[in-house]
2 protein chains.
Amino acid sequence: MTPADPHSEDAGVPSDDAGVPSDDAGVPSDNDLAAGRPGWADTLRWNESGLVCAVAQQHDTGEVLMVAWMDPEALRRTLATGRGTYWSRSREVYWVKGETSGNIQRVLEVRHDCDGDAVLLLVDQTGPACHTGTRSCFDRSRSIS
Amino acid sequence: MTPADPHSEDAGVPSDDAGVPSDDAGVPSDNDLAAGRPGWADTLRWNESGLVCAVAQQHDTGEVLMVAWMDPEALRRTLATGRGTYWSRSREVYWVKGETSGNIQRVLEVRHDCDGDAVLLLVDQTGPACHTGTRSCFDRSRSIS
């Protein structure tokens, strides 16, 4: 039998590479998120690659749009700019959702989960979130059940 | 400037450790998912630890309940039993959501995302999905913005 709580045994253990927001995290911006709640970088449990999983959800319809990855700098940029900004593991660059496609992702709120290794972004997504042209990366055509 | 499509460069590249469903994946079961669509294990892009990220969403309300991890066997069990079954990275065991708490997670549909490294589970979650007692692991008290 497995415990009901798979997370408890390591919840709250700070990661060695948690890092801190950069010095300019407090630079004034015109969005509602600004620098985020103090200490967020230490609250999160960055994985061995220094990342957390980020789930973007359309704030009003509830659609789960995409899953991507963030390091502390990507999340800092997201908070500072109000634009979904992620870390590409394959290309090893930051990318801003909609920067070339115009399908902008405005981030209204960021929450972490109970064990701090994932974040939920409540967003207002313009147009398709998926590069394939579907609204969500989890389009119903991609059902495996 | 970053490309609009962060996923395309490696989308569809099969992972060496993609694996295949076990021999008993086709055993008749009393749920609607059964063995899933043939070839799903090869469609997914398992990471270097053999896992995909799994997002569980309440099918009717749209609540994002939790994020956990699955290897091919966890997903096979989920499909075969209709119960959310995950791989614990820290304890290195499979765990069935609600097995001890009673907060059962009935899985109605599984979709993968465009690059196949994440799955979305549409579920019917009994009670709290989070071991802390909150309905979602992403409770609004865990906002960092």
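If you're wondering where the values come from, they're calculated on a predicted model, not measured in any experiment.

A. Seen up close, the sheet that holds strand E1 (residues 52-58) of chain B. Residue and element names in this part refer to chain B. Strand order in the open sheet formed by 4 strands is E2-E1-E6-E5, and the pairing between neighbours is mixed. Every other strand in the sheet has two partners, leaving strand E2 (64-70) and strand E5 (105-112) as the edge strands with one partner each. Sheet twist, expressed as the average angle between the axes of neighbouring strands with direction ignored, equals 25°. The sheet contact formed by E1 and strand E6 (residues 118-125) spans 6 bridges and is parallel. Bridging across to E6, Ala56 finds its partner in Leu121.

B. Here's a closer look at the relation of the copies chain A and chain B. With an RMSD of 0.0 Å, the operation that places chain A on chain B is a rotation of 180° combined with a shift of 0.0 Å along the axis. Both copies of the chain, as the preceding transformation shows, are related through a two-fold rotation axis. Within chain A, the C-alpha atom positioned nearest to the axis of rotation is that of Gly62 of chain A, 2.5 Å from it. Taken as a fraction of all interface residues of chain A, those also at the interface in chain B reach 100%, which identifies the copy contact as same-surface.

C. Region of interest: the interface of chain A and chain B. If you look at the interface, chain A gives 52 residues, while chain B gives 52 residues. Those elements giving two or more residues to the side of chain A that touches chain B turn out to be helix H1 (40-43), strand E1 (52-58), strand E2 (64-70), strand E3 (85-88), strand E4 (93-96), strand E5 (105-112) and strand E6 (118-125) of chain A. Class assignment of the residues belonging to the side of chain A that touches chain B gives a composition of 25 nonpolar, 16 polar and 11 charged.

D. A look at the sheet that holds E2 of chain A. All names here are of chain A. Overall, mixed pairing links the 4 strands, which are arranged E2-E1-E6-E5 in an open sheet. The open sheet is flanked by E2 and E5, the only strands paired with a single partner. Put simply, the sheet's adjacent strands are angled 25° from each other on average, direction ignored.

What counts, and where the lines are drawn
- Residues numbered from 1 in each chain as written.
- Chains lettered and ligands numbered in written order.
- Predicted model: local features only at pLDDT ≥ 70, side-chain atom pairs only at ≥ 80, totals over all residues.
- Pairing = 2+ DSSP bridges.
- Helix = DSSP H or I, 4+ residues; strand = E, 2+ residues; numbered from the N terminus.
- Axes fitted to C-alpha atoms, helices over the stretch in contact; angles between N-to-C directions.
- Least-squares fit on C-alpha atoms with pLDDT ≥ 70 in both.
- Contact = placed C-beta atoms within 7 Å.
- Nonpolar A, V, L, I, M, F, W, Y, C, P; charged D, E, K, R; others polar.

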